[in-house]
Amino acid sequence: MWVLAGACCAPAQETHVTTDPVLPPAPAGYVLVWEDDFNGPTLDPVNWQAVQHGDVDNGELQFYTDRPENVSVSNGCLRLTARRETYTGTGPWMKGKTRSSEYTSGKVQTLGRKTFRYGRIEARIQLPRGAGTWPAFWMLGANLFEPGIGWPLCGEIDILEHSHTLNAVSAAVHTGAYNHRNDKHKIQYHPIADYDTAFHVYGMDWTPEKLAFHVDGHVFFTVTKAELGDSPAGRGPRRGRSP
């Protein structure tokens, strides 16, 4: 699967880094195969693509842009910034159409660059607080754009989602048989009050038998292969991630 990260529409707000955004050492038995500490002046194009797209899903209001106003790197942090502003633009997946929006935001993905299957995937993230926000750190099947696949057959693993001002984060799994369209997706919430003032490590351990989701090393949600059965999702590698 490939990894994605994004911040949905909301008025711009300044985020103050209050803790050291460095990931802790990996647990015993794990071998590091890839990481990005965002130590350069800009997003590394070998690892990430900043999304330029205005036809967003889920009734969202923002236009994702690849401008530094929405996607920037500084002081070892990737910053995805949602802004209230009038923006008109197009993108490579919009078939020449233009769209105007009153909000812009940032989204990055590893599509065409990095895919993962099994292991631990984690990021240390500080979230915004405010009505209208919906930041996420998630993965989609690498077969998403293959004929006859699409969503939800490609599968989706939501390592982190946060909505509005809720003092909790969630993790979820979507497959052909279990997804939000039929209200059968697998989801669990984890209470957390200081998500906007401190960094926390949001991660997932993925084995052939199960997915285990955790915050700061505390597992709060597990989904097993036996639960999901023979749903088409989960048969291929996944793409995506970003703080």
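The text that follows walks through the structure, step by step, so that each part is easy to find.

Reading the values: the criteria
Residues numbered from 1 in each chain as written. Predicted model: local features only at pLDDT ≥ 70, side-chain atom pairs only at ≥ 80, totals over all residues. Heavy atoms only, no water. Pairing = 2+ DSSP bridges. Helix = DSSP H or I, 4+ residues; strand = E, 2+ residues; numbered from the N terminus. Axes fitted to C-alpha atoms, helices over the stretch in contact; angles between N-to-C directions. Core = buried A, V, L, I, M, F, W, Y, C linked by side-chain atoms within 4.5 Å. Buried < 20%, exposed > 50% of the residue type's maximum accessible area, 1.4 Å probe, protein only. Contact = heavy atoms within 4.5 Å. Phe/Tyr/Trp six-rings, centres within 6.5 Å; stacked < 30°, edge-to-face > 60°. Patch = residues over 30% accessible without salt bridge, like charges linked within 9 Å, V, L, I, M, F, W, Y side chains within 5 Å. Areas by Shrake-Rupley, 256 points an atom, 1.4 Å probe, with all protein chains shown as cover. Salt bridge = Lys/Arg side-chain N within 4 Å of Asp/Glu carboxyl O.

**With respect to unusual backbone geometry**
For the bond running from Trp151 to Pro152, omega is 15°, close enough to zero to count as cis. Even without glycine at this site, Lys95 takes up a positive phi of about 55°.

**Topic: the sheet that holds strand S9 (residues 119-125)**
Ordered by their spatial adjacency, 4 strands build an open sheet running S9-S14-S15-S16, and the pairing between neighbours is antiparallel. In the strand order of this sheet, the two ends are held by S9 and strand S16 (218-224), each with one partner. For this sheet the average axis-to-axis angle between neighbouring strands, irrespective of direction, equals 15°. As defined by bridge partners, strand S14 (residues 200-206) adjoins strand S15 (residues 210-215) across 5 bridges and the pair is classed as antiparallel. When the sheet's bridge partners are listed, Asp205 is paired in S15 with Ala212.

**Some words on the nonpolar core**
Formed by 37 residues in total, the largest nonpolar core has its most connected members in Met139, Ile157, Tyr202, Met204 and Phe213. Counting 7 residues, the second largest nonpolar core, distinct from the first, contains Trp2, Trp138, Leu140 and Leu144.

**Some words on the side chain of His190**
As for its placement among the helices and strands, His190 is situated in strand S13 (residues 186-191). With sequence-adjacent residues up to four places away left out, His190 is seen in contact with Ala168, Val169, Val215, His218 and Phe220.

**Concerning the sheet that holds strand S7 (residues 99-105)**
In space, the 3 strands of this open sheet follow the order S3-S7-S6, with mixed pairing throughout. A strand with exactly one partner marks an edge of an open sheet, and here the two such strands are strand S3 (62-64) and strand S6 (83-89). This sheet shows a mean twist of 60° between the axes of neighbouring strands, independent of strand direction. Two elements, S6 and S7, share 5 bridges in a ladder whose sense is antiparallel. Bridging from a neighbouring strand, Tyr87 pairs with Ser101 of S7.

**Some remarks on the pairing of strand S10 (residues 136-141)**
Extensive coverage of S10 is indicated by the burial of 6 of its 6 residues. Here S10 shows no split at all, with Ala136, Trp138 and Leu140 on one side and Phe137, Met139 and Gly141 on the other all buried. The sheet contact formed by strand S1 (residues 2-6) and S10 spans 2 bridges and is antiparallel. Each bridged residue has a counterpart across the sheet, and for Trp2 the counterpart in S10 is Leu140. Relative to strand S11 (residues 156-161), S10 is paired through 4 bridges, and the arrangement is antiparallel. Across the sheet, the residue bridging to Trp138 is Asp158, located in S11.

**Notes on the packing of aromatic side chains**
Summed over the entire model, instances satisfying the criterion amount to 6 aromatic pairs. Ring centres of Trp34 and Phe116 lie 5.5 Å apart, and the angle between their planes is 40°; on these two criteria the pair is classed as tilted. Linking Trp34 in the loop between S1 and strand S2 (49-50) with Phe116 in the loop between strand S8 (107-109) and S9, this pair joins segments that are 82 residues apart in sequence. Summarising the burial analysis for this pair, Trp34 and Phe116 share the class buried. Relative to Phe221, the ring of Phe213 has its centre 5.5 Å away and its plane inclined at 20°; by these criteria the two rings are stacked. Among the aromatic residues, those joined into a ring-pair cluster are Trp34, Phe38, Trp48 and Phe116.

**Overview of a nonpolar patch on the surface**
Together, Leu166, Ile187 and Tyr189 make up a nonpolar patch on the protein surface, roughly 270 Å² of accessible area in all. Examined against the element boundaries, Leu166 turns out to sit in the loop between S11 and strand S12 (168-174).

**What to know about the pairing of S14**
The element S14 is extensively covered by neighbouring structure, given that 7 of its 7 residues are classed as buried. Here S14 shows no split at all, with His200, Tyr202, Met204 and Trp206 on one side and Val201, Gly203 and Asp205 on the other all buried. Two strands pair when backbone bridges link them, and S9 and S14 are joined in this way by 7 bridges, in the antiparallel orientation. Bridging from a neighbouring strand, Arg124 pairs with Val201 of S14.

All quantities given are derived from atomic positions and should not be read as evidence of function.
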